[in-house]
Amino acid sequence: MKTIANGLILKGLDLTPVKENICIEDGKIIEISKDVLEGEIIDVDGAIVCPSFINAHTHIGDSIIKDEGDGLSLGQIVKPPNGIKHLALESAEDDEIIKVMQDSMWDMYNSGTSHFIDYREGGVKGIKLLKEASKDIPINPIIFGRDGSFYGEDPDLHQVKVAIRKLLKYADGIAPSGFGEIEAEVAELICEECKKAGKISSIHVAENEGVQIESLAKTNKTEVERAIDAGFNQIVHMTNPKNDDINKLANSNTSLTICPRSNGALSVGIVPLFDILSLGIKPLIGSDNIMFNSPNMFRELEFTLKEMKAYSKNYINPKDILKLATTNACTDNFVSDNDSLNNDSLNNSSNNHSLINNLGLINKSFIGVGQNAEFFVCKNKSNNPYLSLINRTELNDLLYLSY
């Protein structure tokens, strides 16, 4: 048993700042109060206690070609099967890929991240390589797989179904690259098989304007509409929504992950986050391809807050930005009866689901009694704990990690 004492805790789903102590036993929070002082006492007087981060969209295999491809188009870099990323992964030795993935996972762990969702190339072998790389690192990978049989204009649907079922024996879900590479029948098969298996289906959509224009010309639907209609649990990017995409997402059972630094690095646009949040959508956030972004969520959050305020010319609450990497991954049904939480923002949301609660595959928690002890402690550098974290926290400011 141990007690984290005298910290400013960002408690509950709403990240309410309270000056209390946290008592932990066997990896669980058993009490939060001003008076509890049991077991080993870890005094963090004046510091911030924040839920650990979830990096909700990564391609960790890209660690093998950091900062390569600068100036190339999105397709030249990441479009399967001939993007420079895919060619590099195919030519690399397994041990080399494992080593660079391990380095990136340690980077995530040491910067406050306890969970990450990876879109893993290489079929079953690619999934196994990531599991091998992560087995001795105290971080939780959630792995979505894909297979080469998905792609092309005339796929063998029987072969696709077999590949999906094989992947789902090892993966937490399936995530093809995008509608530009797969046919509608493949998308529907992926969603159908994931639903049967109780796992997640995800896809990149509307990352650049060109794919939206192409989708409308080909199908009279945007990529966002096609993903929702096919039944995907989760979409990534939506940098270039068109028509009524945002409202349709808000009224669907599909969740959203945004990747603002990635969109900036690739010159594809700026996700309209102010409009998204205004409709009650609660996205997650990810750093995307490690080849051109470090997986440091502090960098992601600061970039996002300032870029979105400049783009929308509106105030965006920094607490809502911090939630993108923390409690948006949780739901009201995680709340302990012992907690007194302000859930108004959750209950008023027209889209209060997330990737995490869609199928309950990811055990990500907030700071509350009965929850996993998944948080970090860092120096408090200002009178606003949310801006202190987003604007000012450096890696050497992290004092204690519990996850």
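Keep in mind it's a predicted model, so treat the numbers as computed, not measured. (Residues numbered from 1 in each chain as written. Predicted model: local features only at pLDDT ≥ 70, side-chain atom pairs only at ≥ 80, totals over all residues. Heavy atoms only, no water.)

Here we come to the pairing of strand β12 (residues 255-258). Residues Ser-255 and Thr-257 point to one face of β12 and Leu-256 and Ile-258 to the other, with burial holding for every one of them. Taken together, the three bridges between strand β11 (residues 234-237) and β12 define a ladder with parallel strand orientation. In the strand pairing of β12, Gln-234 is matched with Ser-255. The β-α-β motif built from β11, the intervening helix α9 (residues 245-250) and the parallel element β12 has right-handed crossover chirality. By the bridge criterion, two bridges tie β12 to strand β13 (residues 284-285) in an arrangement that is parallel. (Buried < 20%, exposed > 50% of the residue type's maximum accessible area, 1.4 Å probe, protein only. Helix = DSSP H or I, 4+ residues; strand = E, 2+ residues; numbered from the N terminus. Pairing = 2+ DSSP bridges. Right-handed = clockwise from strand over helix to strand, strands pointing away.)

Overall, the coordinates contain two cavities of 30 Å³ or more when judged by the stated rule. In this structure, the second largest cavity encloses a volume near 70 Å³. For the lining of the second largest cavity, the secondary structure elements donating two or more residues are α7 (209-219) and α8 (223-230). The dominant element in the lining of the second largest cavity, judged by the number of residues it contributes, is α7, at four residues. Split into classes, the residues belonging to the lining of the second largest cavity amount to two nonpolar, two polar and four charged. (1 Å grid on protein atoms, 1.4 Å probe; cavity = no way out; pocket = protein on both sides within 12 Å on 5 of 7 lines; lining within 4 Å. Points joined across faces, edges and corners; volume = space filled by probe spheres on them. Nonpolar A, V, L, I, M, F, W, Y, C, P; charged D, E, K, R; others polar.)

Turning to the packing of helix α12 (residues 297-312) against helix α16 (residues 385-392), a few remarks are in order. Relative orientation of the contacting elements α12 and α16 amounts to 110°, with a least axis distance of 7 Å. Put simply, α12 runs roughly perpendicular to α16. For the pair α12 and α16, contact is made by Phe-298, Leu-301, Glu-302, Leu-305 and Lys-306 and by Leu-387, Leu-389, Ile-390 and Asn-391, respectively. Of the residues belonging to the contact of α12 with α16, the class tally is six nonpolar, one polar and two charged. (Axes fitted to C-alpha atoms, helices over the stretch in contact; angles between N-to-C directions. Parallel < 35°, antiparallel > 145°, perpendicular 65-115°, else oblique. Contact = heavy atoms within 4.5 Å.)

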